[in-house]
Amino acid sequence: MPGKRVQFDPETWQALDLLARDQMRDFQELADEAFRDLLRKHGRPADLTEALRRSAGVSASVHRLHPKKAPRRRR
């Protein structure tokens, strides 16, 4: 998974650390949420499923397929 190094001023880091502790989450979970929100704000898909739904257009509908039944065993 790609990673980047970011720097925060001490006050921002303290606020993020306190938020993470209050919500019993780690920094990665906070960062994931923040970047998903940023992508949504700018109208960009955050995952493959969302990208595929957008590319299919508004008229696309989701069809649920029935699972195949197991073949009958011969004796």
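For the structure, see preceding data.
Owing to the predicted nature of the structure, the values given are computational and were not obtained by experimental measurement.

Draft legend 1. Summary view of the environment of Ser55. Residue placement: Ser55 occurs in helix α3 (residues 48–56). When its relative accessible area of 59% is taken as the criterion, Ser55 is described as exposed. Among the polar contacts made by the side chain of Ser55, one reaches the main-chain carbonyl oxygen of Leu52 at a distance of 2.9 Å.

Draft legend 2. Structural view of helix α1 (residues 10–22). Over its 13 residues, α1 runs 18 Å from end to end, which matches the ideal 18 Å to within 8%, given 1.5 Å per residue. Of the residues one or two after α1, Met24 is the one with positive phi, at around 55 degrees.

Draft legend 3. Here's a closer look at the pattern of salt bridges. Here the structure, examined in full by the defined rule, presents three salt bridges. In this structure, Arg21 engages Asp17 in a salt bridge whose closest nitrogen and oxygen atoms are separated by 3.0 Å. Separated by four residues within a single helix, Arg21 and Asp17 lie in helix α1, roughly one turn from each other. On the accessibility criterion, Arg21 (61% relative accessible area) is exposed. A salt bridge links Glu33 to Arg25; the nearest nitrogen and oxygen atoms lie 2.8 Å apart.

Thresholds, definitions, all that
- Residues numbered from 1 in each chain as written.
- Predicted model: local features only at pLDDT ≥ 70, side-chain atom pairs only at ≥ 80, totals over all residues.
- Heavy atoms only, no water.
- Helix = DSSP H or I, 4+ residues; strand = E, 2+ residues; numbered from the N terminus.
- Buried < 20%, exposed > 50% of the residue type's maximum accessible area, 1.4 Å probe, protein only.
- Polar contact = N/O pair within 3.5 Å; in protein donor to acceptor, adjacent residues only side chain to side chain.
- Expected span 1.5 Å × (residues − 1).
- Salt bridge = Lys/Arg side-chain N within 4 Å of Asp/Glu carboxyl O.

By themselves, these are just geometric observations and shouldn't be taken as functional.
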